[in-house]
Amino acid sequence: MAGETLLKVQGVETYYGNIRALSGVDVEVHKGEIVSLIGANGAGKSTLMMTICGSPQAKNGQVIFDGEDITKLPTHLIARKRIAQSPEGRRIFPRMTVLENLQMGANLDNLKYFKEDVEKVFVMFPRLKERQSQRGGTLSGGEQQMLSIGRALMSRPKLLLLDEPSLGLAPLIVKGIFEAIKKLNKEEGLTVFLVEQNAFAALKLSDRAYVMVNGKVTMSGSGKELLANPEVRAAYLEGGRH
Amino acid sequence: MAYTTENNQSGLMAKAVKEGVLAGLIAFGMFLLFVGIETYQDINNQLVWRTRWGLLAVFVAIAAIGRFLTVGFIKPHLDARKLAKAKSGVLEISDKKSFFHKHFLKIALVFLLCYPFLAMMIFGRQGSLKYVDNFGIQILIYVMLAWGLNIVVGLAGLLDLGYVAFYAVGAYSYALLSANFGFSFWLLLPMAGILAGFWGIILGFPVLRLRGDYLAIVTLAFGEIIRLVLINWTDVTRGTFGISGIAKASFFGIWSFDVGAANNFNKAWGLPSSSVYYKMFLFYVILALCLITAYVTIRLRRMPIGRAWEALREDEIACRSLGINTVTTKLTAFATGAMFGGFAGSFFAARQGFVSPESFVFLESAVILAIVVLGGMGSLTGIAIAAVVMVGGTELLREMEFLKHIFGPDFTPELYRMLLFGLAMIIVMLFKPRGFVGTREPTAFLKERKAVSGSFTKEGHG
């Protein structure tokens, strides 16, 4: 899977006030890959995700997307480069209906492909079709996660960023969502960058993966390699699988 | 069986009496010092006090009897009704609506169109003045203001406590430009709206990064700044004296409502000279302005900008990650809301013929906001109902002469306006925490819309 480089994060340092959350992170995502980022709480995984989206912006280093430096762009312009995000905590619009939530995702093209894309999302997540006129806030956690991913897909992204899609969900639902991600990648060739606590599931799904500790990338390799790596097993898998 | 129900009945009565007495005691304790004792200054300018046992007794009796009735009769009745409904399998939310419910908007519109004529038929020419002006126009001004504020607070979720500032900008724009340059109402109405919208953007810039409580405080300050400028910039605004003798609106420049004018409306139509025709004309003008506000709001909600406003209210971070420019979204919300405030302001100046900073105090902002919240944020129908209840209710208090027979001859119901206002708010918020109309109309449909367009084609609407 040595496709063209789509996203390149080079020596990125991000600060919250005076506290350095990321200290020189290098990550690369190629076209058509699923890349995951695993690590413990507070390692800076979500911060990296947010830095790619420009809030907060990186103080040093560069974020290059599709050959273009997007480090200092405001968030909404980064989103218009077709980087879609399903943010941590899902962040759907609770008082708007499922359909309206999806509509918001399709805003970039002014709803040009809305009907077509909504059908696709409904095929992928039939639950959303059943609940299309229900308010987002009344959905279950798993359905909200589906909606969050569906909304991100509505913008026809080149790169999909997923921040902890398994957070707070039952294992069976997590399985379903991960299968959907896999399918998207295989059938549509969608590039996915995934942040996960659930290291086992993430590594199994990914082509490549990075391990993050204290704001630094300490290890990288293919998903299989990392799964077999004794250090990774000890730190993230053995204790965390049950 | 009969024995047990009887036993229940007497048990219920005992409970009701007990709770009633308790409520009476609490009311007695609460009102003893506030109502039971009155302080006043005597002829030597000394502060002395006297007791008002009668009034206190009335307050206590209201509390006690009210509680007794609630516990003894109203609550069992409601429970029984709920039980009966549950038994018959009818859900609270049923699809079947009464005729009145279904056609509420059409009925309301027809009623409003006929209202001035109805008032004139029932109360005579001079008698109807009060109903057209004090009730009709007054309420519609607040409906329009509340609908304008609804765009900022209800749709975009930006809590604005200084909305009256834009109302003031609109009113003074009309007053000053018409007094100094002699422009007509129909030219200045859009101009006042644009100026107010411009001020909306000026307010919008510094508060872009603020939300919730912080935003509320800054907008509150903005409202006060505008008022203080109006008071202190005496060269232009004549300070607290205000500007009087503001030109009346004309009938689109064709007929004038000035008594001495050659093309006087009343003369041209052979009507007896009375100001009621001018008021009727104003009624239709503000009604039209309200309908424009409603139409624009409904249309905007279905457009990308309206959707962005609502999404902004829900989650700002998610908005940005979906490519929405939150800066322009907020500014357009402020500007659009302010523009309608400006329209209402210039209408107010034309109707009143006099503006002074007195009309644009914080209380006005609070009342408008209260109407928006009571009506159910975002719901146009709910807000209109809330405006009728709140503004119409306070106007109605002036009419409550009979209350003097209960509370004594120096009872002036208008003075209790704010007390009742607060009471009404508490009651509504207790029973309907989301306002009169708490449900939000969705704007996106997949199948329903097809059905609607199909029925339109059948009727030949394209």
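Being a predicted model, the structure only gives us computed values, none of them experimental.

Concerning the overall build of chain B
Secondary structure assignment for chain B yields 18 helices and four strands. Buried residues in chain B amount to 35% of all 462 residues. Of all intrachain contacts in chain B linking residues separated by at least 6 positions in sequence, the fraction that spans at least 24 positions is 74%.

A look at the interface of chain A and chain B
Residue-level contacts link 25 residues of chain A with 20 residues of chain B. Broken down by secondary-structure element, the contributors of at least two residues to the side of chain A that touches chain B are α2 (75-80) and α3 (98-105) of chain A. Here the side of chain A that touches chain B gets five residues from one element, more than from any other, and that element is α3 of chain A. Among the residues making up the side of chain A that touches chain B, the classes are represented as nine nonpolar, 12 polar and four charged.

Considerations on unusual backbone geometry
All names here are of chain A. Between S55 and the following residue, P56, the backbone shows a cis peptide bond with an omega angle of 5°. Counting through the fold element by element, P56 comes out in the loop between α1 (45-52) and β4 (60-65). Even without being a glycine, N214 presents a positive backbone phi close to 45°. Position of N214 relative to the elements: it lies in the loop between β9 (208-213) and β10 (216-222).

Here we look at helix α11 (residues 304-314) of chain B
For an α-helix the count is 3.6 residues per turn, leaving residues at separations of three or four pointing the same way. Of all 11 residues in α11 of chain B, nine are buried; the element is thus mostly enclosed. For α11 of chain B, the complete set of buried residues consists of G306, R307, A308, W309, E310, A311, L312, R313 and E314 of chain B. Of the surrounding secondary structure, the elements contacted by the buried residues of α11 of chain B are α3 of chain A together with α4 (104-155), α10 (276-301), α12 (316-321) and α13 (326-352) of chain B.

A word on the sheet that holds strand β5 (residues 68-69) of chain A
Two modes of strand pairing occur in sheets, parallel and antiparallel, and in both the strands are linked by backbone hydrogen bonds. Residue and element names in this part refer to chain A. A sheet is described by the order of its strands in space; here four strands give the open sequence β2-β1-β4-β5, paired in antiparallel fashion. Each edge of the open sheet carries a strand with a single partner, namely β2 (19-30) and β5. Bridge count between strand β1 (residues 5-16) and β2: nine bridges; the pairing is antiparallel. The partner of T14 across the bridge, within β2, is L22.

So, the nonpolar core
Residues and elements named next belong to chain B. Counting 169 residues, the largest nonpolar core has M144, A146, I286, I371 and A387 as its most contacted members. If you tally residues by element for this core, the top one is α4, at 18 residues. What I371 contacts, discounting residues up to four positions off in sequence, is Y142, A146, I383, A386, A387 and M390. Of all hydrophobic cores here, the second largest spans seven residues; its members include A27, V60, A64 and F68.

Digging into the sheet that holds β9 of chain A
Residues and elements named next belong to chain A. With mixed pairing, six strands are arranged side by side in an open sheet as β6-β7-β8-β3-β9-β10. Only two strands of the sheet have a single neighbouring strand rather than two, namely β6 (83-86) and β10. Pairs of neighbouring strands in the sheet enclose a mean axial angle of 15°, with direction left out of account. Across the sheet, α1 lies against β3 (34-39), β7 (159-163), β8 (191-196) and β9, angled at about 145° from β7, the strand it touches most.

Some thoughts on the packing of α3 of chain A against helix α6 (residues 141-153) of chain A
All names here are of chain A. At a minimum axis distance of 7 Å, the contact between α3 and α6 shows a crossing angle of 35°. Judged by the twist between their axes, the crossing of α3 over α6 is right-handed. When α3 is examined against α6, the residues V98, N101, L102, M104 and G105 are found in contact with a partner set consisting of L147, G150, R151 and A152. Among the residues making up the contact of α3 with α6, the classes are represented as five nonpolar, three polar and one charged.

As for the domain arrangement of chain A
Residue and element names in this part refer to chain A. You can read the domains of chain A as domain 1 (1-82 + 158-242) and domain 2 (92-157). Placing the centre of domain 1 and that of domain 2 at their C-alpha centroids yields a distance of 23 Å. Among the secondary structure elements, those contributing two or more residues to the side of domain 1 that touches domain 2 are β7 and α7 (171-188). The residue inventory of the side of domain 1 that touches domain 2, partitioned by class, reads eight nonpolar, one polar and three charged.

Comments concerning helix α5 (residues 164-181) of chain B
Residues and elements named next belong to chain B. End to end, α5 covers 25 Å across 18 residues, agreeing with the expected 26 Å (1.5 Å per residue, within 8%). Burial of α5 is extensive: 13 of the 18 residues sit out of reach of the surface. G182 occupies a position one or two residues after α5 and carries a positive phi of about 70°.

A look at the environment of F348 of chain B
All names here are of chain B. Turning to its location among the elements, F348 is positioned in helix α13. Owing to 24 C-beta atoms within 10 Å, F348 belongs among the buried residues under this scheme. Considering only alpha carbons, one finds F348 and Q138, 210 residues apart in sequence, at a separation of 9.1 Å. Apart from residues lying up to four places away in sequence, F348 is in contact with I141 and A171.

Thoughts on the pairing of β3 of chain A
Residue and element names in this part refer to chain A. Taken across its six residues, β3 has six buried, putting it largely inside the fold. A two-sided burial pattern is seen for β3, the buried positions comprising I34, S36 and I38 on one face and V35, L37 and G39 on the other. Bridging between β3 and β8 involves five bridges; their strand directions are parallel. Across the sheet, I34 pairs through a bridge with V192, a residue of β8. Strand direction decides the pairing type here: β3 and β9, joined by five bridges, are parallel. In the sheet register, V35 faces β9, and the bridge partner there is R208.

Overview of the environment of Y172 of chain B
Along the chain, Y172 of chain B falls in helix α5. Leave out the neighbours within four places in its chain, and Y172 of chain B touches L230, T237 and V355 of chain B.

Observations concerning the pairing of strand β1 (residues 37-41) of chain B
On a regular strand, one side chain projects to one face of the sheet and the next to the other, so that they alternate. Residues and elements named next belong to chain B. Counting buried positions along β1 gives zero out of five residues, so the element sits mostly on the surface. Pairing analysis gives five bridges linking β1 to strand β2 (residues 47-51), with the strands arranged antiparallel. Its bridge partner being in β2, T39 is matched across the sheet by W49. The turn linking β1 back onto β2 is made up of five residues, and N45 within it adopts a positive phi angle of 65°.

Describing the confidence of the model for chain B
Residue and element names in this part refer to chain B. When pLDDT is averaged along chain B, the result is 81, and 89% of the positions lie at 70 or above. Element-level pLDDT for chain B is lowest in helix α18 (residues 448-459), with a mean of 39, against a maximum mean of 91 in α13. Contacts for the low-pLDDT stretch residues 448-462, under 50 throughout, to residues beyond four places or in other chains number three contacts. In the model output, the complex is listed with pTM 0.79 alongside ipTM 0.85.

The rules behind these values
Residues numbered from 1 in each chain as written. Chains lettered and ligands numbered in written order. Predicted model: local features only at pLDDT ≥ 70, side-chain atom pairs only at ≥ 80, totals over all residues. Helix = DSSP H or I, 4+ residues; strand = E, 2+ residues; numbered from the N terminus. Buried ≥ 20, exposed ≤ 12 C-beta atoms within 10 Å, placed from the backbone. Contact = placed C-beta atoms within 7 Å. Nonpolar A, V, L, I, M, F, W, Y, C, P; charged D, E, K, R; others polar. Pairing = 2+ DSSP bridges. Core = buried A, V, L, I, M, F, W, Y, C linked by C-beta atoms within 7 Å. Axes fitted to C-alpha atoms, helices over the stretch in contact; angles between N-to-C directions. Left-handed = near helix turned anticlockwise from the far one by under 90°. Domains from an automatic or database assignment. Expected span 1.5 Å × (residues − 1). pLDDT = per-residue confidence, 0-100.

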